[in-house]
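So you can see what is in the structure, the chains are spelled out below.
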Amino acid sequence: MAHVNTVAETLEDKLTQELGYNDHFHEHHHGDKFQSNFLTTYIFSTDHKIIGRQFLITGIFWAFIGAAMSIVFRLQLGFPEADMAWLRPILGKWIMVNEAGIGKLDPEFYYSLVTMHGTILVFFVLTAGLSGTFANLLIPLQIGARDMASPLLNALSYWFFFLAGVVLFISLFLSTGPFSGGWTAYPPLSALPQASDGSGAGMTMWIVAMALFVVSSLLGGVNYITTILNLRTKGMSLWRMPLPMWAIFVTAILGVLSFPVLLSGVLLLMFDRSMGTSFYLSEIVVGGEILDRIGGSPILFQHLFWFLGHPEVYIIILPAMGIVSEVLSVHSRKPIFGYTAMVYSILAIGFLAFIVWAHHMFMAGVNPFISNFFVIFTLIIAVPSAVKVFNWIGTIYGSNFRFTSASLFGVGFVSMFISGGLTGIFLGNSAIDIALHDTYFVVAHFHIVMGVAAFFGMFAGVYHWFPKMFSRYMNETLGKIHFWGTLVGAYAIFWPMHYTGMAGVPRRYYDGGASFDAFRHFEDLNRFITVAAIFVFFLQALFIVNFFYSIFSGKKLTVKNPWGANSLEWTTPIKPGHGNWPGNIPTVQRWAYDYGKGGEEFIPQYVPLKEGEHDLGEGH
Amino acid sequence: MAALRQEYNQSKIHPQKLLLWVAIGSIIMMFGAFTSAYVVRRAAGNWLEFKLPDIFMVSTAVILASSLTIHLAFSGFKKGKEQQYKGMLIATFVLGLVFVLLQYKGWEALNSMGATFTVNPSSSFIYVISGLHAAHVLGGIGALAVALTHAYVLPYKPTLRRKQRFDLVVHYWHFVDILWVYLMVFFMLQS
Ligand code: HEM
Ligand SMILES: [Cu+2]
């Protein structure tokens, strides 16, 4: 590859040649060795950019499955009397048809659907789909590295995720149905194969899938951490990293420290299921039969689960926060407001995430004095969260905001995070949680703050980095319709749930609480929610069509840096090859957020500081 | 390339070493979870008390000795003492196998004492925790096997690359050793 150091055409090329760092990467012919045919280039690739796209497309597949499930159970909740016989071709025996030809959703399967929806969305879409995509795509590009520290582990991480998906997918077709005890898999439902249909083979496969998933997350996580700590280009100090890097870094640490705990918990569960131990089981009667398990504690599982479970929700939201910070700053043409505060708040959230897990267990019989401790730390999380919200608003405020699909979804994220964060403060008070626990109020809280917000972060990232991924643009008009429709629709779905929840409607009921007189008047509201959900579901077709159409036929990218952004990924060629930069790796001279400084619209990170110019990122 | 890469590495530590450290942190969390679960469950009562069989003390001594031998093997490797390097590596490998065997004997002893796998969580925990630790030791034995083939099949040449790889094995081996000592102390303080 001798063509590399030819004539410098632009300032960028000139600077990369003069200041860039030549690691002799291309003298070793990595590209030829690893990317010689279709299979090694696109399927069993070890290139981080391909792996990122694999995560994204697999994530989209799972998002479709998971969302379709929610439509089925929303139909049940909104129209309990309706005939569902038309679903028989898809759901088969799970639709029970009576003599009159009226089809009803099997209640057992309702629980399976809810369980699978939660598992799929939380782990497969918003963890693997989100972190996997953007960590892989962005880490080497934004820190200036040729690839991950271990490309092989990275590829394995994807393939373990893929396998986990295969196992979970197969479990959907078991004659006893997939697991049905809730995404949190509390024992005894999860520990006794005879407890319900889904607790048998379905649960076994759920465990296997989760174990594979944990392995995938750990392989990915150790790699992300090592790459960020070790392979940054010259000049890229930690305090010059773009915010997505900080967010992904802390996310990876959370994952590496909390997923093993879930693995421990699930392992004990496995022994309870198949070897006759009683870690979680105690004096229990199933179907009139008294079991000989004694001495276990189901609460123990809840501790182990939520020790992962709470950090997990931040594993989901932190990458979205990082993405949104970047997108909002670029499209506001302003430096991110309070960069340092942003970093410290990510660190604070990461730390606090480990000491609040029992706020999910206020009603599980945890000692109320111990609960106080968890109440206080839970409420303290509101502080760094508010700092971030303040800074995002400060970034947009008074800016020449560019209304693109990406930036709109960024703003939508902030809106959702505020709405859902506020209800978190309600729930964090154990006294209020006594009334609200396991009601639709909780469902509203976590869907808005985590589900919708993380999806918005992901959409912002996809619209923003699509040109980097596929060298083409997505259609902006479709993107904006997608945004406005989803924003309004998502609020229409989840806002009313606050009211039903405050009135006491419990979550996870087949009839949505309709059998209680007190809740009967919510029928209309439930119907409204279902209609809104169907609307939002079909609206996502706009995104799917836009995404796949644009991969092949979108408007071609003709410039390297379409958004006028500062970070290094936009210095790679329009179609970056293996090793990302054809010649030298650019070196970094300043932080990533010099927008509108000294009269310049933007100053990329490879541009040296002028005489006497102060680097805003390094003021520590 | 390695030297050049070194020049711009932000931290002095080799990426693979860092990878190992992070993985070790992850394993620590897993065992941390088990031992915390043990403490929480024990505090809840209905807990069968028994004394750990002495054989676990022997296995502890064996794994400690293996840490010493692998240390000697590594220093032999670095100082060009080929005999010491090879001999001590074999010794470590054998001690590793003996350790796992002794653990197995320990489980048999527990079982014959009546502290079976299912009788009470107090004994179930011992089997699960020590069993999982043994699985990690077996992983280390696998790595030792690779190191052994390097030692005997390849000509002796202490290159930087080989030193780094050996260093990883040594680190991991010391880690599973210290992990066992922690677990042993933990069990003894608890019973
Ligand atoms: C201001 C910050 C937050 C506070 C104080 C807070 C507090 C709480 C509390 C106390 C609960 C338990 C409610 C119950 O089950 O009765 C809860 C549930 C939940 N929260 Fe939050 N939360 C906050 C932010 C978040 C964020 C940022 C996410 C995700 C990104 C999130 C995701 C969840 C989820 C998934 C659940 C329900 C899990 C389940 O039971 O299935 N929360 N939150
Ligand atoms: Cu939580």
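The rules behind each value
- Residues numbered from 1 in each chain as written.
- Chains lettered and ligands numbered in written order.
- Predicted model: local features only at pLDDT ≥ 70, side-chain atom pairs only at ≥ 80, totals over all residues.
- Heavy atoms only, no water.
- Phe/Tyr/Trp six-rings, centres within 6.5 Å; stacked < 30°, edge-to-face > 60°.
- Buried < 20%, exposed > 50% of the residue type's maximum accessible area, 1.4 Å probe, protein only.
- Lys NZ or Arg CZ within 6 Å of the ring centre and 35° of its normal.
- Helix = DSSP H or I, 4+ residues; strand = E, 2+ residues; numbered from the N terminus.
- Contact = heavy atoms within 4.5 Å.
- Axes fitted to C-alpha atoms, helices over the stretch in contact; angles between N-to-C directions.
- Parallel < 35°, antiparallel > 145°, perpendicular 65-115°, else oblique.
- Left-handed = near helix turned anticlockwise from the far one by under 90°.
- Donors = N, O, S within 2.8 Å, 3.2 Å for Na, K, Ca; no water.
- Salt bridge = Lys/Arg side-chain N within 4 Å of Asp/Glu carboxyl O.

Outline the packing of aromatic side chains, supporting the account with residue identities and numerical values.
Each aromatic ring pair is described using two quantities: the centre-to-centre distance and the angle formed by the ring planes. Residue and element names in this part refer to chain B. According to the stated counting rule, one finds 87 aromatic pairs over all chains in the structure shown. Relative to Trp-47, the ring of Tyr-38 has its centre 5.0 Å away and its plane inclined at 85°; by these criteria the two rings are edge-to-face. Accessibility classification places Tyr-38 together with Trp-47 in one group, the buried group. Across from the ring centre of Tyr-152, 5.1 Å away, lies the NZ or CZ of Lys-86, which sits over that ring.

Tell me about the side chain of A:His310, and please be specific about residues and values.
All names here are of chain A. Residue position: His-310 is located in helix α10 (residues 298-332). Given the relative accessible area of 5%, His-310 is considered buried. Those residues in contact with His-310, other than ones at most four positions away along the chain, are Ala-353, Val-356, Trp-357, His-359, His-360 and Ile-381.

Any chance you could break down the packing of helix α6 (residues 107-143) of chain A against helix α8 (residues 201-230) of chain A for me, citing the residues and the numbers?
Residues and elements named next belong to chain A. Where α6 contacts α8, the axes come no closer than 11 Å and their chain directions differ by 20°. Compared by their axis directions, α6 and α8 come out roughly parallel. The handedness of the crossing between α6 and α8 comes out as left-handed. Contacts between α6 and α8 involve Met-116, Thr-119, Phe-123, Phe-124, Thr-127, Ala-128, Ser-131, Gly-132, Ala-135, Asn-136, Ile-139 and Ile-143 from the former and Trp-206, Met-210, Phe-213, Tyr-224, Thr-227 and Ile-228 from the latter.

Lay out the coordination of the iron atom of ligand 1 with the relevant residues and their values.
With respect to protein ligation, the iron atom of ligand 1 binds only A:His445 (NE2), at 2.1 Å. With respect to the helices, strands and loops of the structure, A:His445 is situated in helix α15 (residues 440-470).

Give me the pattern of salt bridges: which residues, what numbers.
Residue and element names in this part refer to chain A. Taken as a whole and judged by the stated rule, the model has 16 salt bridges over all chains. Between Asp-517 and Arg-520 there is a salt bridge; the shortest N-O distance is 2.6 Å. Since its relative accessible area comes to 40%, Arg-520 is described here as partly exposed. Between Asp-524 and Arg-527 there is a salt bridge whose closest N-O contact spans 3.6 Å. Here Arg-527 and Asp-524 lie together in helix α17 (residues 523-553), a separation of 3 residues that amounts to about one turn.

Describe the packing of helix α9 (residues 243-274) of chain A against α10(A), listing the residues and the values that go with them.
Residues and elements named next belong to chain A. Running from amino to carboxyl end, α9 crosses α10 at an angle of 160°, the nearest separation of the two axes being 8 Å. As far as their axial angle goes, α10 and α9 are roughly antiparallel. Taken as a pair, α9 and α10 cross one another with a handedness that is left-handed.

Any details on the coordination of the copper ion (ligand 2)? Residues and values, ideally.
All names here are of chain A. Protein ligation of the copper ion (ligand 2) involves His-310 (ND1), His-359 (NE2) and His-360 (NE2), the donor distances falling in the range 1.9 to 2.1 Å. Written as a sequence motif, the donor arrangement for the copper ion (ligand 2) is H-x48-H-H. Since its relative accessible area comes to 22%, His-360 is described here as partly exposed.

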